[in-house]
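# Secondary and tertiary structure notes
Residues per chain are reported as follows:
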Amino acid sequence: MATTTSTTALHPQFRPPLRAPSRLLLLPHSSYSSFARARARTPVRASAASASAPAQQEAVAGVPWGCEIESLAYVGGGASASATAKKKKRAAAHLAGVVSNDGRQGGVRQLADSGLPEQRLAIQRVDVGERGLVALKNIRKGEKLLFVPPSLVITADSEWSRPEVGDVMKRNAVPDWPLIATYLISEASLEGSSRWNSYIAALPRQPYSLLYWTRAELDAYLVASPIRERAIQRITDVIGTYNDLRDRIFSKHSDLFPEEVYNIETFLWSFGILFSRLVRLPSMDGRVALVPWADMLNHSPEVETFLDFDKSSQGIVFTTDRSYQPGEQVFISYGKKSSGELLLSYGFVPKEGTNPNDSVELMVSLDKTDNCYKEKLQALKQNGLSASESFPLRVTGWPVELMAYAFLVVSPPDMSQRFEEMAVAASNKSSSKPGFNYPELEEQALQFILDCCESNIAKYTKYLEGGNGTPQVSINAKQANRTLLLKQLAQDLCISERRILYRTQYILRRRLRDMRGGELRALSLFNGLRKLFK
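What you see is a predicted model, and the numbers here were worked out from it, not measured in a lab.

Let's shift gears to the overall build of the chain. If you tally the helices and strands in the chain, you get 14 helices and eleven strands. Of all 534 residues assigned to the chain, the portion counted as buried reaches 56%. Sequence-distant contacts, at least 24 apart, represent 75% of the contacts inside the chain between residues at least 6 apart. Entry remark: accessible area of the chain is about 23500 Å², with carbon and sulfur atoms responsible for 50%.

Right under this line is the structure:
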């Protein structure tokens, strides 16, 4: 993904989630100087193509291709055990050949004609995810499944149905993510003329990742969750990528990139598909790819297997890490992600307490009234940190970096010579954490973290107990249903995140109680001894 000064840049904060452990890539970003220059000529939701506010008054209408899905638990690309998914059992009447009326799978037949070997899995309606891949026969632990040949995989090297469009993109050295996003739009616009017609027709017309939430919905339903800011940043970055491509390439080749096809609406759709379905294949030098058929697999936090290229069979496979009975749904892992990250990219929230990788970000800040504020801030900046930082809390505890930051916050002026080592420990630059032991500050540091936790708990409680509102939009039956679904997702996320905060609060209160109880016992013993020797 080499870039030059004339190519689409890669923003260092734009890291998309992918469906394998430790598979984070930099996502494309544009020259941000073009953000504010959103052009009124964008025909669909032109106001969204600006960095200042990816906001719209109405829910996105969707693109003219794909499958009209009313349920949040669309097959593949993010379906999981969401309480919302179980409440809404409606699905699309049309899956564009993926599942035919007689139960046979037309999309699979087309893939088989193109080289997909006979499968031991079939797509069916399931309890977890509405639709997923289930075992046709007994499957043992350690078996390899799928064997999708590279010819059926969409990558940056895939052949374009309109070669002249692909040539322009490649001449401009567009990186993989925006290149594949543009490729998907190009192929989708050709409908039956594209070899990917059946695959694209079975993709959701409106992905339910947070890219497709309006700004009003994000503000109303995720006001208590830190995932809101990440969603806003992601939308901004996608818009920036589109603006850059439009200004540098599309506007100069309007005959190849007509705006009715290549606009902010279609780019939000294509990036929504990539965020929820693109995988990185470690054995193919980390190449990113869309893998038809394989992306019908749903996620389970109880498995760790993921897709990869198998050199011996020359196909995309995954190796089961448990056995399956006939009719049982088969899962892969989308990665060790929190419930917020799963909602951000895939549009679902696991059932409370079922995600062992769950976490919530806790924001902590320096006190601006601190007499040593400038010195502490300088120490943080020298180590790549700022006056406000977020650290992940888990049910099992909190990172040592958070404790180091808390030590710095509460440290008195006479410890100014230790500010630097505290900042180093907070930045995770030193694995040894030299001198990272300040017993005289521990109680204050724990109390500081507890205060931050309780402040966040109050925000979640206010939202969950009725502090949430509904964006003022024109309501029809479809919009009302969407509102109910999004509110349920937000509620599920907030309950899961508050649960982690409650657990952290309990641990901190108990530790502080034990520390203070020990101090009282020591003081009582000291007073008793003093009286004895009088």
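Counted according to the given criterion, the structure contains 15 aromatic pairs. When the centroid spacing of 5.4 Å and the interplanar angle of 50° are considered together, the rings of Trp177 and Phe275 count as tilted. In this pair, Trp177 is assigned in helix 4 (residues 176-190) and Phe275 in helix 8 (residues 264-277), connecting sequence segments 98 residues apart. Ring geometry for Tyr334 and Tyr346: centres 4.7 Å apart, planes at 40°, overall tilted.

Attention now moves to helix 12 (residues 419-427). Within helix 12, seven of the nine residues are buried, which leaves it mostly tucked inside the rest of the structure. Residues of helix 12 that are buried include every one of Phe419, Met422, Ala423, Val424, Ala425, Ala426 and Ser427, and no others. Taken together, the buried residues of helix 12 touch helix 10 (373-381), strand 11 (388-393) and helix 11 (400-410). Just past helix 12, the residue Asn428 takes up positive phi, approximately 65°.

Let's shift gears to the nonpolar core. Counting 110 residues, the largest nonpolar core has Trp213, Trp269 and Ile449 as the members making the most contacts within it. Sorting elements by how many residues they give to this core places helix 13 (residues 442-467) first, with eleven residues. Formed by 34 residues, the second largest nonpolar core is a distinct cluster that contains Leu146, Val148, Leu281 and Ile332.

So, about the side chain of Ser158. Here Ser158 is to be found in the loop between strand 3 (144-148) and helix 3 (163-171). A relative accessible area of 9% means that Ser158 is categorised as buried. Within the local environment of Ser158, its side chain forms a polar contact with the backbone nitrogen of Thr155, the two atoms lying 2.9 Å apart.

What follows concerns the pattern of salt bridges. Counting across every chain of the model gives 19 salt bridges. For Asp310, the salt bridge is made with Lys144, and the minimal N-O distance between the two is 2.8 Å. Of this pair, Asp310 sits in strand 7 (residues 308-310) while Lys144 sits in strand 3, and the two are 166 residues apart along the sequence. Classification of Asp310 as buried rests on a relative accessible area of 10%. Note that Asp514 and Arg513 form a salt bridge whose closest N and O atoms lie 3.7 Å from each other.

Now for the sheet that holds strand 8 (residues 315-319). Backbone-to-backbone hydrogen bonds join strands into a sheet, with any given pair of strands oriented parallel or antiparallel. With antiparallel pairing, the three strands of this open sheet are ordered in space as 3-8-7. Every other strand in the sheet has two partners, leaving strand 3 and strand 7 as the edge strands with one partner each. The mean angle between the axes of side-by-side strands here comes to 45°, regardless of whether they run parallel or antiparallel. Summarising the sheet, strand 7 and strand 8 pair through three bridges and their orientation is antiparallel. Each residue of the ladder has a partner; that of Asp308, found in strand 8, is Val317.

This next bit is on the confidence of the model for the chain. On average, residues of the chain score 80 in pLDDT, and 74% of them reach the 70 mark or higher. Confidence over residues 1-48 falls short of pLDDT 50; this stretch has 159 contacts with residues more than four positions distant or in other chains.

With that settled, consider helix 4. With 15 residues, helix 4 extends 21 Å between its outermost C-alpha atoms, agreeing within 8% with the 21 Å of an ideal straight helix rising 1.5 Å per residue. Along helix 4, twelve of the 15 residues are buried, which leaves the element largely enclosed by surrounding structure. All buried positions along helix 4 are accounted for by Trp177, Pro178, Leu179, Ile180, Ala181, Thr182, Tyr183, Leu184, Ile185, Ser186, Glu187 and Ala188. Of the surrounding secondary structure, the elements contacted by the buried residues of helix 4 are helix 3, helix 5 (197-201), helix 7 (227-248), helix 8 and strand 5 (287-289). Positive backbone phi, approximately 50°, marks Glu191, located one or two places after helix 4.

Attention shifts here to the environment of Tyr405. Of note, Tyr405 is situated in helix 11. For Tyr405 and Leu380, which are 25 residues apart along the polypeptide, the C-alpha to C-alpha distance reads 9.0 Å. Setting aside residues up to four positions removed in sequence, Tyr405 forms contacts with Val364, Ser365, Leu366, Leu380, Ser386, Ala387, Ser388, Glu389, Phe391 and Ala426. Within the structure, the side chain of Tyr405 is placed 3.0 Å from the backbone oxygen of Ser386, a separation counted as a polar contact.

Position of Trp160 among the secondary structure elements: in the loop between strand 3 and helix 3. By relative accessible area, which is 6% here, Trp160 ends up buried. Ignoring any residue separated from it by four or fewer positions in sequence, one finds Trp160 in contact with Val165, Gly166, Met169, Lys170, Leu179, Thr182, Tyr183, Ser186 and Glu187.

Calculation criteria
- Residues numbered from 1 in each chain as written.
- Predicted model: local features only at pLDDT ≥ 70, side-chain atom pairs only at ≥ 80, totals over all residues.
- Heavy atoms only, no water.
- Helix = DSSP H or I, 4+ residues; strand = E, 2+ residues; numbered from the N terminus.
- Buried < 20%, exposed > 50% of the residue type's maximum accessible area, 1.4 Å probe, protein only.
- Contact = heavy atoms within 4.5 Å.
- Areas by Shrake-Rupley, 256 points an atom, 1.4 Å probe, with all protein chains shown as cover.
- Phe/Tyr/Trp six-rings, centres within 6.5 Å; stacked < 30°, edge-to-face > 60°.
- Core = buried A, V, L, I, M, F, W, Y, C linked by side-chain atoms within 4.5 Å.
- Polar contact = N/O pair within 3.5 Å; in protein donor to acceptor, adjacent residues only side chain to side chain.
- Salt bridge = Lys/Arg side-chain N within 4 Å of Asp/Glu carboxyl O.
- Pairing = 2+ DSSP bridges.
- Axes fitted to C-alpha atoms, helices over the stretch in contact; angles between N-to-C directions.
- pLDDT = per-residue confidence, 0-100.
- Expected span 1.5 Å × (residues − 1).

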